[in-house]
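Okay, here's what each chain looks like letter by letter:
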Amino acid sequence: MAWSDFLGNAPVRDLMRQSLSDGRLPSSLLFAGIAGVGKGTLAHFLSKAANCQKLQNDFCDECGSCRKIEQGVHPDVRTYAPDGAFIKIDQMRDLIREVFFKPFEGRRRVFVIDQAHRLRLEAANALLKTLEEPPETSLLILVTDSPNDLPGTLRSRCQRIQFYPFSPAELESILQQRSIYPTRDLPLVGRISRGSLGKALNLDLQQYREARREMLEAIRACTGALSYRQALQITEPLASARQKGQFEFKTGVLYDLLRDLLLIQQGAPPENLTNLDLHSELAEIGSALTFERIVDAVGSLDHLMKGLGRNLNKSLALDRFLFRLSGVSGTAPT
Ligand SMILES: [Zn+2]
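As the structure is a computational prediction, the values presented were derived from the model and not from experiment.

Looking now at the pairing of strand 4 (residues 138-144). Across the seven residues of strand 4, seven count as buried, placing the element largely inside the fold. Neither face of strand 4 is left uncovered, since the one carrying Ser138, Leu140, Leu142 and Thr144 and the one carrying Leu139, Ile141 and Val143 both have all their residues buried. Bridge count between strand 1 (residues 28-32) and strand 4: five bridges; the pairing is parallel. Counted as the bridge partner of phenylalanine 31 is valine 143 from strand 4. Relative to strand 4, strand 3 (residues 109-114) runs parallel, the two sharing six bridges. Bridge pairing in strand 4 links aspartate 114 to valine 143. Handedness of the crossover is the feature at issue here: the chain leaves strand 3, passes through helix 5 (residues 121-132), returns alongside strand 4, and the resulting connection is right-handed.

In structure tokens:
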């Protein structure tokens, strides 16, 4: 790997590379942007370039230092990620202790806080002073796809570096080169991924299509008066989805479908739809739902997705969503 292998966000890459080589790289950075646009990769590149044994402010990917960073075992490069739903205060106490040590074997210690928006408030508060005056031999990189969920006090102490989504053309050209999907599926993959290369590369299109069918039938059931038995048939398999991420995946698909229904009702151009290939079916289903019901249902889905990090009762939240969409009021638990 080399700087030139970094895909997308070339201005950000060049800025970071240049700042490092000019010795002007701020010690506290906030990498913000949707998931799958290279934030973690660039943090990784910077860690290597700051510590490579052969090259100054660049990396060879061959020396002991580069190899250790690649394997995640370099003593001067550490990543902190959520332990469960959150990044805990003990993790940040560890960072605060470590940050003032001189590098053990490299030139600069690098601390990456992945999914920084999951810092517990007390953990974020503990970090404030360190972010304000980190030693020059340390670099802190906060990485997040949800910068607004970070306390303002934390954001204001970091230099924000904004990463942008890939354009549809960029995405399509990368996917074409890697021949992961048949050419005919590329437009759909591009629309589902919304500019996230990570999402596009990891997408299981068959799984997406199956989940989409299932969610579409759930929405269709809500166009009529939904019986309790029907609701149970929909929510039970979804709420009990055991495989990690399966529930989030399906609710994400559901979200895309609802967004499409809203766009159709607003008379948006069809090419704005994620599921453009289902345009006529969506239009037919949407004609049996009111705009208000869909908006209402999206609101309860938002509530559900925000609650996923906490111990939200998924079955109850899903029932609530379904009843909102089917226009039954008063029946759903709140
Ligand atoms: Zn190297």
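Below, the discussion takes up the coordination of the zinc ion. Around the zinc ion, the protein supplies Cys52 (SG), Cys60 (SG), Cys63 (SG) and Cys66 (SG) as donor atoms, at distances of 2.3 to 2.4 Å. Its four donor atoms give the zinc ion angles of 103 to 119° at the centre, a pattern that matches the tetrahedral case.

As a further point, take the side chain of histidine 117. Relative to the elements of secondary structure, histidine 117 occurs in the loop between strand 3 and helix 5. One polar contact links histidine 117 to threonine 144, side chain to side chain, over a distance of 2.8 Å. If we ignore the near neighbours within four places in the chain, the residues touching histidine 117 are Thr144, Asp145, Ser146, Asp149 and Leu150.

The next subject is the domain arrangement of the protein. Quite often, the size of an interface is put as the accessible area lost when its parts meet. When its domains are assigned, the protein resolves into domain 1 (3-162) and domain 2 (204-325). Taking only C-alpha atoms into account, the centre of domain 1 sits 37 Å from that of domain 2.

Calculation rules
Residues numbered from 1 in each chain as written. Predicted model: local features only at pLDDT ≥ 70, side-chain atom pairs only at ≥ 80, totals over all residues. Heavy atoms only, no water. Buried < 20%, exposed > 50% of the residue type's maximum accessible area, 1.4 Å probe, protein only. Helix = DSSP H or I, 4+ residues; strand = E, 2+ residues; numbered from the N terminus. Pairing = 2+ DSSP bridges. Right-handed = clockwise from strand over helix to strand, strands pointing away. Donors = N, O, S within 2.8 Å, 3.2 Å for Na, K, Ca; no water. Tetrahedral: all angles 85-135°; square planar, octahedral: opposite > 155°, others 65-115°. Polar contact = N/O pair within 3.5 Å; in protein donor to acceptor, adjacent residues only side chain to side chain. Contact = heavy atoms within 4.5 Å. Domains from an automatic or database assignment.

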